[in-house]
Amino acid sequence: MVSSQHPDATEIGRLDGKVVVITGASKGIGKATATAFAAAGAKVVLAARTRETLEQVAEELSVGGVSNPDSILAVPTDVTNIDAVKRLIQRTLDTYQQVDILVNNAGVGHFGPVVDFDPDNWDTVLNSNLKAIYLCAKYALPSMLARGDGQIINVLSIAAKVAFEASGAYCAAKAGALALTKVLASEVRQQNIRVTAVLPGSVHTPFWDGVPQHPDFEQMLTPEHVADTIISVCQQPPGMVTEEIVVMPPLGIL
Ligand SMILES: NC(=O)c1ccc[n+]([C@@H]2O[C@H](COP(=O)([O-])OP(=O)(O)OC[C@H]3O[C@@H](n4cnc5c(N)ncnc54)[C@H](OP(=O)(O)O)[C@@H]3O)[C@@H](O)[C@H]2O)c1
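What you are looking at is a predicted structure, and each value in this text was computed from that prediction instead of being measured.

S.K.: Honestly, the pairing of strand 2 (residues 43–48) in this entry has me stumped. Any pointers?
M.R.: As a general feature of sheets, a regular strand has side chains that alternate between the two faces. In terms of burial, strand 2 is a largely internal element, 5 of the 6 residues being buried. One ladder, built from 5 bridges, connects strand 1 (residues 19–23) with strand 2; its direction is parallel. Following the sheet pairing, I22 is matched in strand 2 by L46. Since strand 1 and strand 2 lie parallel, the crossover through helix 1 (residues 28–39) that links them has a hand, and here it is right-handed.

Printed below as a string of structure tokens:
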């Protein structure tokens, strides 16, 4: 008979000193996730393209007392660009020596029927939601593999599984990212690296700015709901992995 051992209480929930790289950390889900990790004692590396908003978040977290200024690093990064991603990881290693957790969250949405859809928007959506996950994982993994420990959280969407009209690029990118997440999980599980896909339904964030047909903001999840989900996955004890987690507004798909 296999005996079930309850982990020591000290093993549960400890994020103090963990080095967490979060992409898309300047707004919405990424900002809420950065705030939650900082509050849990992690060293947080913030990445997004716009320097101003990124530095504003870093200041809010350090001056606002959520974290110590030495535990927050803002690295302006376009995660679709290979050199920028290499720089992001190198800055993280130079500053904190390792990457414990990577949260691939950055992503852009463009919507419209395939027949009218702008090919440049196709590239933007595919690159930010899919290629970026490959690039960030590729360059963060060596630090995790060297220590035989690490966690990668990919923030996808229910659009990875459900076909929404006028969302061809977005659904394709998220479905591809789910496939990539599963492949990655199987490639690194033997090295004690846990990989999780988080699939939220609609979340009230700036993502919806400029999208004329959007669900009711009042019914959406908050960015903090998703952040709390990510934190809880990272607080799970060793010896288990949550491979996929769907988080929906109480009314379901809006
Ligand atoms: N909101 C929803 O209803 C919803 C639902 C399910 C899943 N999601 C997913 O959740 C993730 C976060 O969405 P959100 O709602 O928080 O969006 P958001 O409020 O629009 O924030 C997106 C973040 O990603 C950054 N970003 C975009 N392109 C980037 C790039 N190429 N390189 C680096 N950073 C980039 C943005 O900053 P810069 O523009 O400064 O780069 C910003 O910090 C996305 O992957 C989205 O697909 C959202």
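Moving on from the coordinates now.
S.K.: Please clarify how the nonpolar core should be interpreted in this entry.
M.R.: Looking at soluble globular proteins, one finds that nonpolar side chains tend to be buried together. Core analysis: the biggest nonpolar cluster contains 34 residues, and F37, V44, L46 and V103 have the highest contact counts within it. Broken down by secondary-structure element, the contributors of at least two residues to this core are strand 1, helix 1, strand 2, helix 2 (51–63), strand 3 (72–76), strand 4 (101–104), strand 5 (150–155) and helix 6 (223–234). Those residues in contact with V44, other than ones at most four positions away along the chain, are V20, I22, A34, F37, A38, S71, I72 and L73. The next biggest cluster of nonpolar side chains, apart from the first, holds 26 residues, and it includes V21, L73, V99 and A132.

S.K.: Any chance you could explain the site of the ligand here in plain terms?
M.R.: Lining the immediate environment of the ligand, one finds 31 residues, of which S26, T50, Y170, V203 and T205 sit closest. Within the side chain of Y170, one N or O atom sits 2.5 Å away from an oxygen atom of the ligand. Counting only elements with at least two residues in the shell around the ligand, the list comes to helix 1 and helix 5 (168–188). The residue inventory of the shell around the ligand, partitioned by class, reads 14 nonpolar, 13 polar and 4 charged.

S.K.: Hey, could you run me through the sheet that holds strand 7 (residues 244–247) in this one?
M.R.: Hydrogen bonds between backbone groups are what pair the strands of a sheet, and the pairing can be parallel or antiparallel. Strand order in the open sheet formed by 7 strands is 3-2-1-4-5-6-7, and the pairing between neighbours is parallel. Strand pairing shows two members of the sheet lacking a second neighbour, strand 3 and strand 7, which therefore form its edges. Ignoring which end each strand starts from, the neighbouring axes of this sheet average 15 degrees apart. Strand direction decides the pairing type here: strand 2 and strand 3, joined by 5 bridges, are parallel. By the bridge assignment for strand 3, L46 is matched with A74. Strands in contact with helix 2 are strand 2 and strand 3; relative to strand 3, the strand with the most contacts, it is inclined by about 175 degrees. Contacting strand 5, strand 6 (193–200) and strand 7, helix 5 runs over the sheet at an angle of about 160 degrees to strand 6.

S.K.: Explain the environment of F117 here, please?
M.R.: By the element assignment, F117 lies in the loop between strand 4 and helix 4 (119–147). Judged by its relative accessible area of 16%, F117 falls in the buried class. Through-space distance from the C-alpha of F117 to that of T50 is 26 Å; in sequence the pair is 67 residues apart.

S.K.: Whenever I open this one, the pairing of strand 7 confuses me. Can you help?
M.R.: Across 4 bridges, the pairing between strand 6 and strand 7 is parallel. Note that in strand 7 the partner of V198 across the bridge is I245. On the question of chirality, the crossover connecting strand 6 to the parallel strand 7 by way of helix 6 is left-handed.

S.K.: So what exactly am I meant to see when it comes to the packing of helix 1 against helix 2 here?
M.R.: Working note: a packed helix pair is described by the angle between its axes plus the distance between those axes. Their axes nearest at 11 Å, the elements helix 1 and helix 2 cross at an angle of 30 degrees. Judged by the angle between their axes, helix 1 and helix 2 are roughly parallel. Where helix 1 crosses over helix 2, the handedness of that crossing is right-handed. Contacts between helix 1 and helix 2 involve K31, A34, T35 and A38 on the former and, on the latter, V57, E60 and L61.

S.K.: Where do I start with unusual backbone geometry in this structure?
M.R.: A negative phi holds for most residues other than glycine; trans holds for most peptide bonds. Here the phi dihedral of A166 falls at roughly 65 degrees; this positive angle occurs in a residue that is not glycine. For N192, which is not glycine, the phi dihedral falls at a positive 70 degrees. You can call N192 partly exposed: its relative accessible area is 43%.

S.K.: How do you make sense of the packing of aromatic side chains when you look at a structure like this?
M.R.: Here the distance between the centres and the angle between the planes together describe a pair of aromatic rings. On inspection of all chains with the given rule, the structure shows 4 aromatic pairs. Between F111 and F207 the ring centres are 6.2 Å apart and the planes differ by 70 degrees, which places this aromatic pair in the edge-to-face class. Taken together, the residues F111 in the loop between strand 4 and helix 4 and F207 in the loop between strand 6 and helix 6 connect sequence positions 96 residues apart. Residue F207 is classed as partly exposed on the basis of its relative accessible area of 25%. Every member of this aromatic cluster is reached through a ring pair, and the members are F111, Y170, F207 and W208.

The rules behind these values
- Residues numbered from 1 in each chain as written.
- Predicted model: local features only at pLDDT ≥ 70, side-chain atom pairs only at ≥ 80, totals over all residues.
- Heavy atoms only, no water.
- Buried < 20%, exposed > 50% of the residue type's maximum accessible area, 1.4 Å probe, protein only.
- Helix = DSSP H or I, 4+ residues; strand = E, 2+ residues; numbered from the N terminus.
- Pairing = 2+ DSSP bridges.
- Right-handed = clockwise from strand over helix to strand, strands pointing away.
- Core = buried A, V, L, I, M, F, W, Y, C linked by side-chain atoms within 4.5 Å.
- Contact = heavy atoms within 4.5 Å.
- Near = heavy atom within 4 Å.
- Polar contact = N/O pair within 3.5 Å; in protein donor to acceptor, adjacent residues only side chain to side chain.
- Nonpolar A, V, L, I, M, F, W, Y, C, P; charged D, E, K, R; others polar.
- Axes fitted to C-alpha atoms, helices over the stretch in contact; angles between N-to-C directions.
- Parallel < 35°, antiparallel > 145°, perpendicular 65-115°, else oblique.
- Left-handed = near helix turned anticlockwise from the far one by under 90°.
- Phe/Tyr/Trp six-rings, centres within 6.5 Å; stacked < 30°, edge-to-face > 60°.

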